Amino acid sequence: MLIRYKKSFEKIAMGLLSFMPDEKDIKKLQQSMKSYETEESKHLFLWKEDDDFIGLIGIEVHGNTAVLVDVSVNPSHRGQGVGRMMVTSVRGFYPGYEFDARKETAQFLAKCMDC
Ligand SMILES: CC(C)(COP(=O)(O)OP(=O)(O)OC[C@H]1O[C@@H](n2cnc3c(N)ncnc32)[C@H](O)[C@@H]1OP(=O)(O)O)[C@@H](O)C(=O)NCCC(=O)NCCS
């Protein structure tokens, strides 16, 4: 189940965000986390399963386009369709929006849109 981020989820969210290949530097990671809390155009969601948060998905909205900025799944839960379920679910939060990706998420989004 996809849940909107709130401050009390900060630690788990940072842990999940740190799996993004371009979030290995702690300062960069903290900045990215902060941007989701302060920038109105950036929205963060967590995937909860059996009381655990196992995935994260971050969107940035530009006009009528929702861009997939970040997506990560806890390594123990990868390859089970969680990433795809998050993409499908998050699209429900943006009815009528175009969906797009950045370079880092493009292949995965294309894969998820495939079926
Ligand atoms: C990318 C990531 C979120 C995928 O999560 P997941 O839950 O394992 O993905 P799913 O099981 O839903 O996979 C859905 C499909 O995407 C494919 N896929 C997985 N990772 C992919 C990637 N990085 N690029 C392209 N396709 C990918 C899977 O093979 C699967 O395809 P299939 O159904 O034909 O086998 C996860 O591997 C992760 O957290 N990686 C580290 C973070 C990262 O690198 N993010 C940036 C890349 S999006």
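Residues numbered from 1 in each chain as written. Predicted model: local features only at pLDDT ≥ 70, side-chain atom pairs only at ≥ 80, totals over all residues. Heavy atoms only, no water.

The chain has the name N-acetyltransferase in an unreviewed UniProt entry, where Pradoshia eiseniae is given as its organism.

Draft legend 1. Inspection of the overall build of the chain at higher detail. Check the secondary structure of the chain and you find 4 helices and 5 strands. Secondary structure elements in the chain, listed N-terminal to C-terminal, are β-α-α-β-β-β-α-β-α. The C-alpha radius of gyration of the chain comes to 13 Å, within 12% of the 13 Å expected for a compact globule of 115 residues. When the 115 residues of the chain are sorted by exposure, 42% land in the buried category. In the chain, once contacts between residues fewer than 6 apart in sequence are set aside, the share between residues at least 24 apart is 57%. In the structure as shown, the chain presents an accessible area of about 6,700 Å², 51% of it carried by carbon and sulfur atoms. Charged side chains in the chain number 16 positive and 17 negative. The centres of these two groups are separated by 2 Å. (Helix = DSSP H or I, 4+ residues; strand = E, 2+ residues; numbered from the N terminus. Rg over C-alpha atoms; globule rule 2.2 N^0.38 Å. Buried < 20%, exposed > 50% of the residue type's maximum accessible area, 1.4 Å probe, protein only. Contact = heavy atoms within 4.5 Å. Areas by Shrake-Rupley, 256 points an atom, 1.4 Å probe, with all protein chains shown as cover. Lys, Arg positive; Asp, Glu negative; His and termini not counted. Charge placed at Lys NZ, Arg CZ, Asp CG, Glu CD.)

Draft legend 2. Fine view of the pairing of strand β3 (residues 52-62). With 9 of its 11 residues buried, β3 lies for the most part within the structure. Relative to β3, strand β2 (residues 42-49) runs antiparallel, the two being bridged by 8 bridges. Within β3, the residue paired with H43 across the bridge is I59. The hairpin formed by β2 and β3 contains 2 residues between the paired strands, and D50 there has a positive phi angle of roughly 50 degrees. Across 8 bridges, the pairing between β3 and strand β4 (residues 65-73) is antiparallel. Paired with H62 across the strands is T65, a residue of β4. Where β3 folds back on β4, the antiparallel hairpin that results is connected by 2 residues, among which G63 adopts a positive phi of roughly 60 degrees. (Pairing = 2+ DSSP bridges.)

Draft legend 3. Examining the pattern of salt bridges more closely. One pass over the structure, following the stated rule, counts 7 salt bridges. The salt bridge involving K7 is made with E10; its shortest N-O contact spans 3.2 Å. Classification of E10 by relative accessible area gives partly exposed; the value is 26%. Across the pair K103 and E104 runs a salt bridge, and its minimum N-O distance is 3.6 Å. Several salt bridges converge on common partners, so that one network encompasses D22, D70, R102, K103 and E104. (Salt bridge = Lys/Arg side-chain N within 4 Å of Asp/Glu carboxyl O.)

Draft legend 4. Structural context of the packing of helix α1 (residues 10-17) against helix α2 (residues 26-38). Where α1 contacts α2, the two axes come as close as 10 Å, and the packing angle between them is 125 degrees. Comparing their axes, α2 and α1 come out oblique. As for the relative orientation of α1 and α2, their crossing is right-handed in sense. Taken together, the residues of α2 that come into contact with α1 (itself represented by E10, A13, M14 and L17) are I26, L29, Q30, S32, M33 and E37. (Axes fitted to C-alpha atoms, helices over the stretch in contact; angles between N-to-C directions. Parallel < 35°, antiparallel > 145°, perpendicular 65-115°, else oblique. Left-handed = near helix turned anticlockwise from the far one by under 90°.)

Draft legend 5. Spatial organisation of the site of the ligand. Residues in contact with the ligand amount to 17 residues; listed here are only the nearest, V73, G79, G81, G83 and R84. A distance of 3.1 Å is found between a nitrogen atom of the ligand and a backbone nitrogen or oxygen belonging to V71. The separation between an oxygen atom of the ligand and a polar side-chain atom of K111 is 3.1 Å. Burial of the ligand by the protein amounts to 69% of the accessible area it has alone, namely 850 Å². Of all the secondary-structure elements, those providing two or more residues to the shell around the ligand are β4, α3 (82-91) and α4 (103-114). Tallying contributions element by element places α4 first for the shell around the ligand, with 4 residues. Across the shell around the ligand, the residue classes break down as 7 nonpolar, 6 polar and 4 charged. (Near = heavy atom within 4 Å. Polar contact = N/O pair within 3.5 Å; in protein donor to acceptor, adjacent residues only side chain to side chain. Nonpolar A, V, L, I, M, F, W, Y, C, P; charged D, E, K, R; others polar.)

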